[in-house]
Amino acid sequence: MKPMSCRLTTIDRNIVVFGAGKIGRSFVGQLFSRAGYHVVFVDIDQRVIGELNKRGKYQVVIKSEKDEVLEISNVSGILSTDTEAVVEAIAHCSLAATCVGKNALPKILPVVAKGIEKRFLLSPHTPLDIILAENVRDARTLVQNGLAALLGKGFPLDPYVGLIETSIGKMVPIMPKEIEETDPLLVYAEAYNILIVDKNGFKNPVPPVAGLAPKENIKAWVDRKAFVHNLGHATAAYFGHFKHPELNYLYEVLDDPEVYGFTREAMLQSSSVLQTLYSADYSMAELEEHIDDLLSRFQNRDLKDTVFRVGQDRPRKLGPDDRFVGMVRLAQKQRKPYDKILQAMAYAFFFRATDETGNRPVPDILFDRYLSRGLEFALQEVCKFDRVKDRRLILHLRNYYLMISGLPEVKLNDQ
């Protein structure tokens, strides 16, 4: 079919946001709504979509010593099952964004591809930029490969679709159930409001939106988030829960100087690796300043972020490319120390935190089943360690595990 030559107009100043969850509403939706965009959320939750369409607005509460309530207006929603409406929205939007998580990201690509195809027929000279607001390393490649398979070889994917990686640093706690039941749109968040984006990923000019921070080398900033912020967050949760299983909130466990100090040491060890790798992007002094700022934010008493939320889903957080194992691999390549990171990782094996109802998520129950078959089995299954190539790594982790358990260590054989 021959493309039509009409061009999208400035009347279509809107953004389609896949995922009306906490990050979608408190961060991406907030930034673009306050910049004058109409925000169209696409989500599977019928109640959330219904309320968005009924009210056309929602509230974000910035938690601090004195709460600030932001009213986010000019919003609407589309159920993700309404394929035709989603396709139309993509075909006529100014840009799009995803905030759905690694597991759901491949599931939304078929409808995104259909929307791109229709957009190209209507306006082949108006590329679509998609902001990938995901806590996923190399999200661009994941989405690009998925769209390429769906659109076919003849489609001009690279020149027509901008895939913009991001570094998501905003912390959003789990909403208390009683509040969520009363108002499904209300969301709590911290004051931090900077969305780091890949400057080179855009096909159109970078939108003039307050809070967007374009970077030339996005990989440096994605890795800083994964290996400083995420690693430090999880370290505090795992070690903090081990020492204080009776405490619920992250700020409570970080009140313990030992938990605070060990978390900072692990973050510093990781930062040393990153600074060597990305010396043109940040200095060690800048990374130390970032660490201290993060630890201060982790201790936000008003945010009431739970140890459970921060530590849950160990199969993902101990995965081969995630915060711990990913950093260990980088440190190995640079021949830099990573003992604190391994020790922090070992505390994850003892994590038994529950949500406010006393339940544990399925992935963590599954992880414990792996662990019941032996530490080495869990490391191979979750971390994808090779029992031969990673023999010493497995032995080091076993010794940390035994040390934490109060059992005798295994002597390492260098032969």
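The structure contained in this document is the topic of the report that follows. (Residues numbered from 1 in each chain as written. Predicted model: local features only at pLDDT ≥ 70, side-chain atom pairs only at ≥ 80, totals over all residues. Heavy atoms only, no water.)

Further remarks concern the pairing of strand β2 (residues 38–43). Most of β2 is tucked away, with 5 of its 6 residues classed as buried. Here strand β1 (residues 14–18) pairs with β2 via 5 bridges, running parallel. Each bridged residue has a counterpart across the sheet, and for Ile-15 the counterpart in β2 is Val-39. What joins β1 to β2 is helix α1 (residues 22–34), and the crossover it makes is right-handed. As judged from the 5 bridges shared by β2 and strand β5 (residues 75–79), these two strands associate in the parallel manner. Each bridged residue has a counterpart across the sheet, and for Val-39 the counterpart in β5 is Val-75. (Buried < 20%, exposed > 50% of the residue type's maximum accessible area, 1.4 Å probe, protein only. Helix = DSSP H or I, 4+ residues; strand = E, 2+ residues; numbered from the N terminus. Pairing = 2+ DSSP bridges. Right-handed = clockwise from strand over helix to strand, strands pointing away.)

Attention now moves to empty space enclosed by the protein. If you walk through the whole model with that rule in mind, you get 2 cavities of 30 Å³ or more. Of the voids in this model, the largest cavity is the one considered here, and its volume is about 60 Å³. For the largest cavity, the full set of lining residues is Ser-167, Gly-169, Tyr-192, Ile-196, Arg-224, Lys-225, His-229, His-290, Leu-294 and Arg-297. Those elements that provide at least two residues to the lining of the largest cavity are α8 (218–243) and α11 (284–298). Approximately 50 Å³ is the volume found for the second largest cavity. Surrounding the second largest cavity, Phe-18, Ile-90, Ala-96, Thr-98, Ile-108, Leu-109, Val-112, Leu-128, Ile-130, Leu-132 and Val-143 form its lining. Contributions of two or more residues to the lining of the second largest cavity are made by β6 (95–98), α4 (105–122) and β7 (128–132). The residue inventory of the lining of the second largest cavity, partitioned by class, reads 10 nonpolar, 1 polar and no charged. (1 Å grid on protein atoms, 1.4 Å probe; cavity = no way out; pocket = protein on both sides within 12 Å on 5 of 7 lines; lining within 4 Å. Points joined across faces, edges and corners; volume = space filled by probe spheres on them. Nonpolar A, V, L, I, M, F, W, Y, C, P; charged D, E, K, R; others polar.)

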